[in-house]
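Each chain, letter by letter, is given below.
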Amino acid sequence: MANWIDLLGASFLGALLIKVIDYIYQTILSRSKAKKTAKDIIDKHLDPILKSADELVGKIRSLAQTDFKEIKKFEENEKGFKKIVDHLNIAYLFAQFWARIQILRKEGNFVNLGSDKRGKKLLDFINTLEGKRTRIVTRAWQRGIGEVLLSQSANNNQGIITFPQFVNDYLNDETFRRWLNEIVILLSKINHTSIRQKFLLYGVIIHSLIDTLDPNHLVTKKRPGLANKLSQKSKRNLRYRIFKLYLPFVSGFERYIETN
């Protein structure tokens, strides 16, 4: 009798052990697949995000070097269609960057993008850029603006409308214009120091995103910082809040803050 009990006990333990091993195997396999999927999505979308970020940083830097007089100049001197195009060119660069983030969100909706090292850092940058004290517009407006730029191709791949189409839609589509006016109106307030500093701080974060995720600048340009254009308040914000608390992995962040 004891032998039967021992045999049954051994069989039970053996079956339980197989179940445990199978569970562990399936868990590891599932995590491995999720990580591979996250890597695939980041591989697909990181370069377009970096390129749009690079264009935006280049424009912010160009504006900052003249204390945003470029905007003031065409507001004062240009009229009609040319003035609209000059304004919308800047708005388009912001909207294009936000649209790229929206595409990433859609395709990575059911994937743990943070399982990829680059994905984790990218998400930290996105969350920082959307923070209450950092963002240019609210999250709802940012996502809405990003959405209205998206187009659907014949093979169901999402892309972004061209700049001429962007201008045409702004001039002729009232709903489109309502979404974009949030950033266009903000640009019209560039005479205010606080607004200029908001754009500069946002630009520094994107600049550090580029340097961190494309350190060899394979798809982006290497640019110096704009520390001499930042206010002391912006520098403190970057040093003690943004880089210390939210983006601690950004190495050598002082180069964005200190004047050489």
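Reading the values: the criteria
- Residues numbered from 1 in each chain as written.
- Predicted model: local features only at pLDDT ≥ 70, side-chain atom pairs only at ≥ 80, totals over all residues.
- Heavy atoms only, no water.
- Core = buried A, V, L, I, M, F, W, Y, C linked by side-chain atoms within 4.5 Å.
- Buried < 20%, exposed > 50% of the residue type's maximum accessible area, 1.4 Å probe, protein only.
- Helix = DSSP H or I, 4+ residues; strand = E, 2+ residues; numbered from the N terminus.
- pLDDT = per-residue confidence, 0-100.
- Contact = heavy atoms within 4.5 Å.
- Phe/Tyr/Trp six-rings, centres within 6.5 Å; stacked < 30°, edge-to-face > 60°.
- Salt bridge = Lys/Arg side-chain N within 4 Å of Asp/Glu carboxyl O.

(A) Structural context of the nonpolar core. By size, the foremost hydrophobic cluster in this structure holds 69 residues, and its most contacted members are Phe 94, Phe 97, Phe 166, Ile 183, Phe 199 and Phe 243. Contributing elements (two or more residues each) for this core: α1 (2–65), α3 (80–107), α4 (117–129), α6 (163–172), α7 (174–187), α8 (193–213) and α9 (232–246). Here this core takes 13 residues from α3, the largest share from any one element.

(B) Looking closely at the confidence of the model for the protein chain. Model confidence for the protein chain is summarised by a mean pLDDT of 84, while 79% of its residues fall at 70 or above. Predicted confidence is poor over residues 25–34, with pLDDT under 50, and the contacts of this stretch with residues over four places away or in other chains come to two contacts.

(C) Focus on the packing of aromatic side chains. Counted by the stated rule, this structure contains eleven aromatic pairs. Seen from their ring centres, Phe 125 and Phe 249 are 5.5 Å apart, and the 85 degrees between their planes marks the pair as edge-to-face. Here the residue Phe 125 occupies a position in helix α4, and Phe 249 occupies one in the segment after α9, the gap between them amounting to 124 residues. Taken together, the aromatic side chains of Tyr 92, Phe 163, Phe 166 and Phe 176 make up a single cluster linked through ring pairs.

(D) Main features of the pattern of salt bridges. One pass over the full model with this rule turns up 15 salt bridges. One salt bridge in this structure joins Arg 118 and Asp 43, with 2.9 Å as the shortest N-O distance. Of this pair, Arg 118 sits in helix α4 while Asp 43 sits in helix α1, and the two are 75 residues apart along the sequence. For Arg 118, a relative accessible area of 28% corresponds to the partly exposed category. Asp 43 sits in the partly exposed class, given a relative accessible area of 36%.

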